[in-house]
Structures are given as structure tokens and as C-alpha cells.
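Residue strings, one per chain:
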Amino acid sequence: MIDQRERGVDVGQWASGGQIERDLVLTDADFARIRELIYQRAGIVLAEHKREMVYSRLAKRLRHHGITRFTDYLSRLERQPDAKEWEAFTNALTTNLTAFFREAHHFPLLAEHIKKQQSPVTIWCSAASTGEEPYSIAMTLLETLGPKATQAKVIATDIDTDALSKARAGIYPLEQVRKLEEGRVKRFFQKGTGGHAGLARVRPEVSSLVEFLPLNLLAPQWSVKGPFDAVFCRNIMIYFDKDTQAKILKRFAPLMKPDALLFAGHSENFSYISDAFKLRGQTVYTLAKK
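Residues numbered from 1 in each chain as written. Predicted model: local features only at pLDDT ≥ 70, side-chain atom pairs only at ≥ 80, totals over all residues. Heavy atoms only, no water.

Caption draft 1: Representation of the overall build of the protein chain in the model. Looking only at helices and strands, one finds 11 helices and 12 strands in the protein chain. Principal-axis analysis of the C-alpha atoms places the extent of the protein chain at approximately 65 × 55 × 35 Å. Going through the 290 residues of the protein chain one by one, you find that 50% of them count as buried. By sequence separation, contacts in the protein chain at least 24 residues apart represent 72% of the contacts at least 6 residues apart. Here the protein chain carries 42 positive and 34 negative side-chain charges, and the mean point of each set is 5 Å from the other. (Helix = DSSP H or I, 4+ residues; strand = E, 2+ residues; numbered from the N terminus. Buried < 20%, exposed > 50% of the residue type's maximum accessible area, 1.4 Å probe, protein only. Contact = heavy atoms within 4.5 Å. Lys, Arg positive; Asp, Glu negative; His and termini not counted. Charge placed at Lys NZ, Arg CZ, Asp CG, Glu CD.)

Caption draft 2: Structural view of the pairing of strand β7 (residues 199–202). Residues Ala200 and Val202 of β7 are buried on one face, while the alternating residues Leu199 and Arg201, pointing to the opposite face, are not. Bridge count for strand β5 (residues 171–173) against β7 is 3 bridges, and the pairing is antiparallel. Paired with Tyr172 across the strands is Ala200, a residue of β7. Relative to β7, strand β6 (residues 189–191) runs antiparallel, the two sharing 3 bridges. Looking at β7, one finds that Phe189 is bridged to Val202. (Pairing = 2+ DSSP bridges.)

Caption draft 3: Examining the sheet that holds β7 more closely. Pairing within the open sheet is antiparallel, and its 3 strands lie in the order β5-β7-β6. On the outer flanks of this sheet lie β5 and β6, each paired with one strand and no other. The average angle at which neighbouring strand axes cross in this sheet is 35°, direction not considered. (Axes fitted to C-alpha atoms, helices over the stretch in contact; angles between N-to-C directions.)

Caption draft 4: Representation of the packing of helix α5 (residues 106–115) against helix α6 (residues 132–145) in the model. Contact geometry for α5 and α6: axes closest at 10 Å, N-to-C directions at 50°. Classed by the angle they form, the pair α5 and α6 counts as oblique. Of the two possible hands of crossing, α5 and α6 adopt the one that is right-handed. In contact with Phe107, Leu110, Ala111, Ile114 and Lys115 of α5, α6 contributes Ser136, Ile137, Thr140, Leu141, Thr144 and Leu145. (Parallel < 35°, antiparallel > 145°, perpendicular 65-115°, else oblique. Left-handed = near helix turned anticlockwise from the far one by under 90°.)

Caption draft 5: Quick peek at the packing of helix α1 (residues 28–42) against helix α3 (residues 70–79). Closest axis-to-axis distance for the α1/α3 pair is 10 Å, and the angle between their directions is 30°. By the angle class used here, α1 and α3 are roughly parallel. In the crossing of α1 with α3, the sense of the turn from one axis to the other is left-handed. Within the contact between the two elements, α1 uses Asp30, Arg33, Ile34 and Leu37 and α3 uses Phe70, Thr71, Leu74, Ser75 and Glu78. Of the residues in the contact of α1 with α3, the class split is 4 nonpolar, 2 polar and 3 charged. (Nonpolar A, V, L, I, M, F, W, Y, C, P; charged D, E, K, R; others polar.)

Function-wise, these values are silent; they only describe arrangement.
If you want it as C-alpha cells, here you go:
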């Protein structure tokens, strides 16, 4: 999940006593209601100390609708369970933090794994965010498989539709891209000129390997079909409680090939959550039963 994405700005004003004077009303009951709604909708567990973050991120939605009380905004949401606003609500409370080749030790492991595969490789990136991770996977495919990479596919999904729009565009600040090895920058990016100066776009040979799709990991049905050679589920499970993590891991297992790899984030440990996987090392798992 990426560089911290731009969020709605809290425009509360500092009062003389050092307290923030809010122009919108967020009560304790409102905050508890928001925590419950985002848990039901996306499985995200919001901690008590996230109140300031919640205010800042949702305030933009209230102002957009000309609403001054969170109570009224939430009531409107609950009266319309299929409203488009639910998407904006979820997007606002979804944190996206990622980078190209984040947790770099995973990519040589992925390269070694896909070298052994005979059939066209298919990989699922289940928390694609703004695209840095699935594009890093695609670059690894190109570096490893050469011309055969055109037969490979990266399915990149995320619940945040705003993030997916940025991912599909494949355009990033040049400063962010320059953190990569020079050879990768030259091979996989196009430097912007004129009105696009300071930006870099992922080259078509990279983006053509990636298909972006919206997907809620809590949805009863997933739109992705296996079997996958690898699943990336990095730095997303930390937002779910243990029961939700276990349910998701149970659903991953039948979508994976017998020797497939499951990549987790650096602070995530699936060993005590599901018996479907066993640790291979360095936050990489394989199926327990092949």
C-alpha cells in the first residue's frame, strides 16, 4: 500500500488555548459508529487514537455534501446502503503506503520462483494501492522471463477505487522513481517533458502486464480466479482483526498452485493465524499441504 496519499485537510483553527476549534461536529457516538461501519464494510479495525485522522479524512466528504454534523452524514449513508458515497467513505478511511520494490528481499525470491514455472505465470497482488507494488512485480517478470514475460499476468486489486485510478495512470513523481536503480529507471519509465516535467510514466511493456480491478477482500465473492503462482498480501492484514485475517487466508489457499508463494508484510505473521500455510522464511509462506 504507498507513499501517503493526499488526504482531506482538516481546516480546524487553532484557538488561543491550544485546542482545535472544529467547524464540524464529531461526537463520541459518531466516532464509534464510524468504527463499526468501516469494520462491517471493509474489515478495517480503527483504533481509538485514530479519531483525529477520521475527522480529517471524512471532513472533506461532509463539506462536499454541505453537512455540518457527522451524525447527519452517517444517517444518510445508512439510509442508502447502495449509495455511491459508500465508496468515497471507504476510500477516505483506507491508508495507502507503498513504494517501488518495497521490502526488496521478496523480489529475488519471486524471480527464483517464476524461473521454475513451465506454464504462463499469473500473480495476484491483493493490495495494489497506487500501483507501485504490482508494477514492481511486472518489472521483475520482465527482468526474469525476458520476451516470455508477455505471456505472464499480474492481477492487481484494491478496495480503494481512487488509488486504483492513480495506479492505472502509472504516473509518479520523478523524485520517487529516481530512488530505483538507474538501469530500472531507464528501462521501465518514460520521463515527462513540458507540462509533465517532474513526472515519470511506467512504460507500456510494464503496464500491459498488469490488470487492475476493484476488490474487497471481505466480499462474499471474489472476481479473481486462480490458480496463482504467487499472491502478494503485504501490509494489509495489519488493518484486520485475527478472525478476518484467518478467513482471508483460508480463501487464498484454494486459489494457489501447490508450490505457490504467499508474500506477507514485514510486520505480519500468519503462522499462528492459519494452518493452511507454513513459513518458508523472510515473511514468505507456502501451502502447508501440497
